[in-house]
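Summary of structural features
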Amino acid sequence: MKMHFCIPVSQQRPDGLGGRYVLYSVYLDGFLFCRVRYSQLHRWNEQRNDYMLLLLITNSCEMREQGAVTVDPNMLRSDVFVDFLKLVQLDTFSITTKKVSLDIFLPDGRSIKVEALTSDTAERVLEVVSHKVGLCRELLGFFGLFLIQFCKEGKLSVMKKLVDFELPYVSLRSSEVENCGIGLRKWYLDPSLDSRLMDCRVAVDLIYMQAIQDIEKEWAKPTEEQKQKLEALRKEDNQTKFLELSQEVRHYGYVQLDPCTCDYPEPGCGAVISVGNNEISCCVTLPDNQTQDVIFQMNRVKCWQVTFLGSLLDMDGPQQTLNQNLELRFQYGKDSHWQWFVIYTQQAFLLSSCLKKMISDKMVKLAAENPEMVNTESLN
């Protein structure tokens, strides 16, 4: 899948020789990823004999008012590229490579400690976590590491999914978000894909924990009758039947965003957005405090974009996140014509990642049904 890189801020700084240099602030999925000099990028680019990253710089400078650019992850599989990204992440936040103990939160709220290096990527840390809990290696693609904020009254907020080359220790240390941790969660939004995991006891345990958590957090919304049946199955510890019934629960397997605002059916409406099962589900609060459920089907979404608004500079330099000034707008086929809808949310990049994930989930299923038609190598 493609990722959201953008370089909305560049600053001129004095060097030690009386000249000046340009320092670029590179953001990934709305969070400051690194700060890097153009000369570093140019030297790396010459070593790679690849113009892609310089094109990223050029395009980003032109697109500061429009939003983010995306980078094809095929380029990011290069060891040289990954090593460069690791180095600039560590250098930006003045972190040296050393052994550390990371707390990884499971879906039921418990945490496990894993030994890692500060320079270990999310891909590597996920492998260590899976080995510790006994998760089948071939099922790693169904799970991911997430930056999660633990809020009052037991609520939580998923801030972002860590991409494979990101350094979890650095991302956690550099985040300005309070009460944050790294959590292990399933990373697919088609509930029917649960069936792919049912032969692995640990995988079943994990998605069972998450199903319980999502119901307790009211992300999944069972009816009273479903609640009673689920509670009975939980007391019996019948995980398989519990998960089978969960498939019928409204918003099971969805990601719910924090309360936000949207421009439909009229500007300034409050909204709670849930994303999954090939739809964007909006519970909209109207000006008269009445609520209205609005469903947007993914097969009618033509395109979407994330845009950041306002200034990113403060007295201390670039902000650590773009998330205070974001909107996601999408073009939707409605009543035989295309119409733009706007959602104003600090989780716009996460929402965009979820939309892309729903598309890739669909392709994964298509590939399973018609393996000769689709190459799924880079879908996850």
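The structure displayed is predicted, hence computed values, not measured ones.

Cut-off values and rules
- Counting restarts for each chain: residues are numbered from 1 in the order of the written sequence.
- With the structure being a predicted model, the display of local features is reserved for residues of pLDDT at least 70 and the display and counting of side-chain atom pairs for 80 or more, all residues being used for whole-chain, interface and lining totals.
- To obtain the side-chain values, all non-hydrogen atoms of the structure were used and water was disregarded.
- A residue's pLDDT is the predictor's confidence in that residue, given on a scale from 0 to 100.
- Here, two residues are considered to be in contact whenever any of their heavy atoms come within 4.5 Å of each other.
- Secondary structure follows DSSP: runs of H or I at least 4 residues long count as helices, runs of E at least 2 residues long count as strands, and numbering of each begins at the N terminus.
- To sort residues, take the accessible area from a 1.4 Å probe on protein chains only and compare it with the maximum for the residue type: under 20% means buried, over 50% means exposed, and anything in between is partly exposed.
- Given the number of residues in a helix, its expected span is that number minus one, multiplied by 1.5 Å.
- Relevant arc is that of directions from the helix axis to the C-beta atoms, nothing else.

Here the focus is the confidence of the model for the protein. Segments scoring low in pLDDT should not have their predicted coordinates read at a detailed level. Mean pLDDT for the protein: 86, with 83% of residues reaching 70 or above. This model gives residues 57–67 a pLDDT under 50, and the stretch forms 23 contacts once residues within four places in sequence are excluded.

With that settled, the discussion passes to unusual backbone geometry. For the bond running from Tyr-264 to Pro-265, omega is 5°, close enough to zero to count as cis. Position of Pro-265 among the secondary structure elements: in the loop between strand S11 (260–262) and strand S12 (269–276). Although it is not a glycine, Asp-237 sits at a positive phi angle of roughly 55°. Structurally, Asp-237 is set in the loop between helix H8 (224–235) and helix H9 (239–246). Backbone geometry at Ser-336 places phi at a positive 65°, although glycine is not the residue there. Here Ser-336 falls in the exposed class, since its relative accessible area comes to 86%.

Quick look at helix H4 (residues 79–92) now. Compared with the 20 Å implied by 1.5 Å per residue over 14 residues, the 20 Å span of H4 between its first and last C-alpha is a close match. Of the residues making up H4, those classed as buried are Phe-81, Val-82, Phe-84, Leu-85, Val-88, Gln-89, Leu-90 and Thr-92. Ser-94 lies just past H4 and shows a positive phi near 55°.

Our next topic: H9. Listed in full, the buried residues belonging to H9 are Gln-239, Phe-242, Leu-243, Leu-245 and Ser-246. In an axial view of H9, the angular spread of the buried residues amounts to 160°, which keeps them on one side of the axis. Turning to H9, the residues buried within the fold contact helix H7 (201–216) and H8.

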